[in-house]
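# Remarks on the overall topology
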Amino acid sequence: MAAKAQFSRRRFFSTAAALLGGWPFLSRLQGGRAVAPTVQRRGTQLVVSSANGLEAAKTTYRLMSRGSDTLEAAISGVNLVENDPDDMSVGYGGLPNEDGVVELDSAVMHGPTHKAGAVAALQNIKNPSRVAQLVLETTDHVLLVGKGALRFAKANGFKEEELLTKKSRERWLKWKRDLSRRDDWLSDDEEDRGIARKVARPTGTIHVAAMNSDGDISCVTTTSGLAWKIPGRVGDSPIIGAGLYVDNAIGSCGSTGRGEANLQNLCCFAAVELMRTGLAPEEAGLEVLRRVASHTTEKRLLDDQGRPNFGLKFYLIAKDGRYAGATMWGPSKFAVADRRGTRLEECAVLYQREN
Ligand code: ASP
């Protein structure tokens, strides 16, 4: 309730600020320091998403067109994927940890209030993004983890359910059967000699960012994280600044891919800050990927040409309506919904895979 009241007070404030001269005026007022000037193209309603979010982007766009708040619309979009047993990277049917238990991470961020909510290592609840939303709306906290997050969800009426499907259980059992010398726990010896084996772990996550025609931006990231992870492992997705970040005066960034690299570089915060200096979304995304590449020094994470051997992608929106996907390895696509419809577009690429 309180949060809803806050949202509408804020909406009133932004409308007043717009009448007095638009967003640059507002950010000067708020920040004490002027942000780099950007061309304000008002009225750009836009959704960007990871490629598995085509339907989510469409739904988010449609809900915003009907007047829904940007965060509510984006969460409704990702709920479709959380509920989908065939998407094995998110919510119900997500690939489990090494004990065969699905553990979910999610964060939401609401641009107009600059508030965030997140849950990590949450078990048995299908829609972690909705729990993250309640953390934002009904608590003075940002992040709840593990048992505390579950208790909070149950107290709010969420039902506990088994999230492992037949398909995801079979994948987990196959991984267990293939274990032994193909695991990627690092022995000192293997790490020192740079011969630690790389185990291909399925990854996947959905990120959706939404900007309405008032220029308000919100976003959400939700995932079952790295498959077969050590129980309790928390990835980048529920960490504000890593898995997602919004500054309502500048833009937003969300991420999918190797969470550890993203956590070590706080990529989404960095990308939004680069946009603040005037970089276009595509340039900001590529610059952060270059930073990640230059900070990656362990041999087991590099290919024979010294490039990171993992995937990492960013989805970016700038306040002026520009947007981009940026990927460590291309070709790769991301989803967009705007007045021209819903589609996949090519990401800007740091390294191109040879076919
Ligand atoms: N970033 C997620 C994590 O590390 C995984 C992914 O996006 O594929 O938990």
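This text gives an overview of the structure that appears in the document. Quick caveat, the model's predicted, so the values are computed rather than measured.

Put simply, Gly330 and Pro331 share a cis peptide bond, and its omega is 0°. With respect to the helices and strands, the residue Pro331 is situated in the loop between strand E10 (323-330) and strand E11 (333-338). Phi is positive for His114, which is not a glycine, with a value near 50°. Relative to the elements of secondary structure, His114 occurs in the loop between strand E2 (103-110) and strand E3 (115-123). A positive phi is found at Asn124, a non-glycine position, where the angle reads about 70°. Positionally, Asn124 belongs in the loop between E3 and helix H5 (128-138).

Quick look at the pattern of salt bridges now. With the rule as written, the count across this model stands at 16 salt bridges. As a salt-bridge pair, Lys154 and Glu160 come within 2.9 Å of each other at their nearest N and O atoms. A residue is classified by how much of its surface remains accessible, and Lys154, at 43% relative accessible area, is partly exposed. One connected set of salt bridges, linked through shared partners, spans Asp338, Arg340, Arg343 and Glu345.

What follows covers the side chain of Asp105. Its location among the elements puts Asp105 in strand E2. It turns out Asp105 is buried and unbridged, and the closest side chain with the opposite charge, Lys229, is 4.6 Å from it. For Asp105, the side chain forms a polar contact with the main-chain nitrogen of Ala121, separated by 2.9 Å. The contacts of Asp105, once residues within four sequence positions are left out, are Val119, Ala120, Ala121, Thr221, Thr222, Thr223, Arg233, Val234, Gly235, Ser237 and Pro238.

Conventions we followed
Residues numbered from 1 in each chain as written. Predicted model: local features only at pLDDT ≥ 70, side-chain atom pairs only at ≥ 80, totals over all residues. Heavy atoms only, no water. Helix = DSSP H or I, 4+ residues; strand = E, 2+ residues; numbered from the N terminus. Salt bridge = Lys/Arg side-chain N within 4 Å of Asp/Glu carboxyl O. Buried < 20%, exposed > 50% of the residue type's maximum accessible area, 1.4 Å probe, protein only. Lys, Arg positive; Asp, Glu negative; His and termini not counted. Polar contact = N/O pair within 3.5 Å; in protein donor to acceptor, adjacent residues only side chain to side chain. Contact = heavy atoms within 4.5 Å.

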